[in-house]
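Here's the letter readout for the chains.
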Amino acid sequence: MLTESQVEFFNTNGYLVVEDLVDQETLENVRAEYSKLMDQLYAGWAAEGKVPPPTPGMEFWDKLDIAFRGGFDWYQPFDISLPHDNITDETPMHFGPAVFSLVRSKKILDAVETLIGSEITSNPIQHVRIKPPQKAVDASEIRAHVVATDWHQDMGVTLPEADNTKFVTVWLAITDATIENGCLQVATGNYKEMLPHCTKKQTGIADQFIPTDKATPLPVKAGGAVIFHPLTPHGSLSNNSDGYRWSFDLRYNVTGQPTGRSHFPEFVARSRSNPENELKDWQEWRQLWSDARYRLARSEHIPQHRWDSNSPYCA
Ligand SMILES: O=C(O)CCC(=O)C(=O)O
Ligand SMILES: [Fe+2]
């Protein structure tokens, strides 16, 4: 559970940094799960002659780097979500036991419980972000899982159905996040209103509303987290290091309230009133997403944002 002074800090500033929110074992299991996944992807590309065969001692980061520089899509196979559009039965995604344990880990849920109460749903708006060094990225690249994330409010990137939903974002560092390698930045202050967003590059706060003067970068060590309110403006710095920076962003809302992306599956992560409602089996979690993929591959595109790029703020 969080302390009173942590809660007070969160209420005043709209965010909170918590070191060691995830224990080393959970982190190691997640790294090992992704390493296995990387081996499988790499072996597939090697079999097609797209990459050199793996050599002994070649590790996760070596393979990832070859994949990135070769222009292969490793992002979607690693993501713990479906994409915004063009979903097919073959769209890859990743739902495994280690990530499931991460999402359900006790210390995260304890912290979340202090902030939103004890009926906690794992919100399906969640991503992995393994960002390459900016100098290796093509100048035309704008996607927020590759380059710096523009200023936005998370409430601004949900559908309006969630405007009254109580939720928090838990941004977890899997590698140390530093100012150099592109850590998160927030604007401090007690934000209570949605700021106008535009959809120019990424969906982001309209230029004249960006609270640049309040910008606070938040470096955090692997296993640490930044927890923030849905109206807290935030973004991330660009990765000016030589290595990759890896984070997950997870969200949790009060059970029964709309998630903001209800065409994706949610699950009860904790319930003090009905513990039997909690999802405990990672395979069921994966099945929920497979079912959603099947359904969405056969349905009309569902827009995920509400903003109109013709708004006067976006000129
Ligand atoms: O990691 C990033 O670049 C941005 C993450 C973000 O916007 C979020 O966690 O809500
Ligand atoms: Fe965000």
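For the structure itself, look to the data block above.
Residues numbered from 1 in each chain as written. Chains lettered and ligands numbered in written order. Predicted model: local features only at pLDDT ≥ 70, side-chain atom pairs only at ≥ 80, totals over all residues. Heavy atoms only, no water.

Colleague: Can you tell me about the side chain of Thr232, naming the residues and giving the values?
Modeller: With respect to the helices, strands and loops of the structure, Thr232 is situated in the loop between strand 8 (225-228) and strand 9 (234-236). When its relative accessible area of 1% is taken as the criterion, Thr232 is described as buried. Once residues lying within four places of it in the same chain are set aside, the contact partners of Thr232 are Gly14, His152, Gln153, Val186 and Ala187. (Helix = DSSP H or I, 4+ residues; strand = E, 2+ residues; numbered from the N terminus. Buried < 20%, exposed > 50% of the residue type's maximum accessible area, 1.4 Å probe, protein only. Contact = heavy atoms within 4.5 Å.)

Colleague: Tell me about the sheet that holds strand 1 (residues 15-18), and name the residues and values.
Modeller: By way of backbone hydrogen bonds, the strands of a sheet pair with one another, either parallel or antiparallel. Taken in spatial order, the six strands make up an open sheet running 1-8-3-10-2-11, and their pairing is antiparallel. Of all strands in the sheet, those bounded by a partner on one side alone are strand 1 and strand 11 (267-271). Sheet twist, expressed as the average angle between the axes of neighbouring strands with direction ignored, equals 25 degrees. The strands touched by helix 6 (residues 106-116) are strand 2 (119-131), strand 3 (167-173), strand 8, strand 10 (245-254) and strand 11; relative to strand 3, the strand with the most contacts, the crossing angle is about 150 degrees. (Pairing = 2+ DSSP bridges. Axes fitted to C-alpha atoms, helices over the stretch in contact; angles between N-to-C directions.)

Colleague: So what's going on with the coordination of the iron ion (ligand 2)? Which residues, and what values?
Modeller: Around the iron ion (ligand 2), the protein contributes the donor atoms His152 (NE2), Asp154 (OD) and His234 (NE2), which lie 2.1 Å from the metal centre. In the primary sequence, the donor residues of the iron ion (ligand 2) line up as H-x1-D-x79-H. With Asp154 in the loop between strand 2 and strand 3 and His234 in strand 9, this residue pair connects regions lying 80 residues apart in the sequence. For the pair shown, Asp154 and His234 are each scored as buried. (Donors = N, O, S within 2.8 Å, 3.2 Å for Na, K, Ca; no water.)

Colleague: So, the side chain of Thr259: which residues are in play, and what are the values?
Modeller: In this fold, Thr259 is placed in the loop between strand 10 and strand 11. With relative accessibility at 1%, the residue Thr259 sits in the buried group. Within the structure, Thr259 has its side chain in polar contact with the backbone nitrogen of Arg261 (distance 3.2 Å). Non-local contacts of Thr259, meaning those with residues more than four positions away in its chain, are made with Asn123, Pro124, Ile125, Glu161, Ala162, Asn253 and Glu266. (Polar contact = N/O pair within 3.5 Å; in protein donor to acceptor, adjacent residues only side chain to side chain.)

Colleague: Describe the pattern of salt bridges, with residues and values.
Modeller: All chains considered together, the criterion is met by 16 salt bridges. Asp110 is paired through a salt bridge with Lys106; the nearest N and O atoms lie 2.7 Å apart. A residue pair is termed a helical-turn pair when its members lie 3 or 4 positions apart in one helix, as Asp110 and Lys106 do in helix 6 at four residues. Residue classification places Lys106 among the exposed positions, given a relative accessible area of 58%. A salt bridge links Asp163 to Arg306, with the shortest nitrogen-to-oxygen separation between them at 2.8 Å. Here Asp163, found in the loop between strand 2 and strand 3, pairs with Arg306, found in the segment after helix 7 (282-296); they are 143 residues apart in sequence, far enough to count as distant. Residue Asp163 is classed as partly exposed on the basis of its relative accessible area, which comes to 32%. Salt bridges sharing partners connect three or more residues here, namely Lys106, Asp110, Glu113, Arg270 and Arg272. (Salt bridge = Lys/Arg side-chain N within 4 Å of Asp/Glu carboxyl O.)

Limitation: the analysis is restricted to geometry and does not speak to function.
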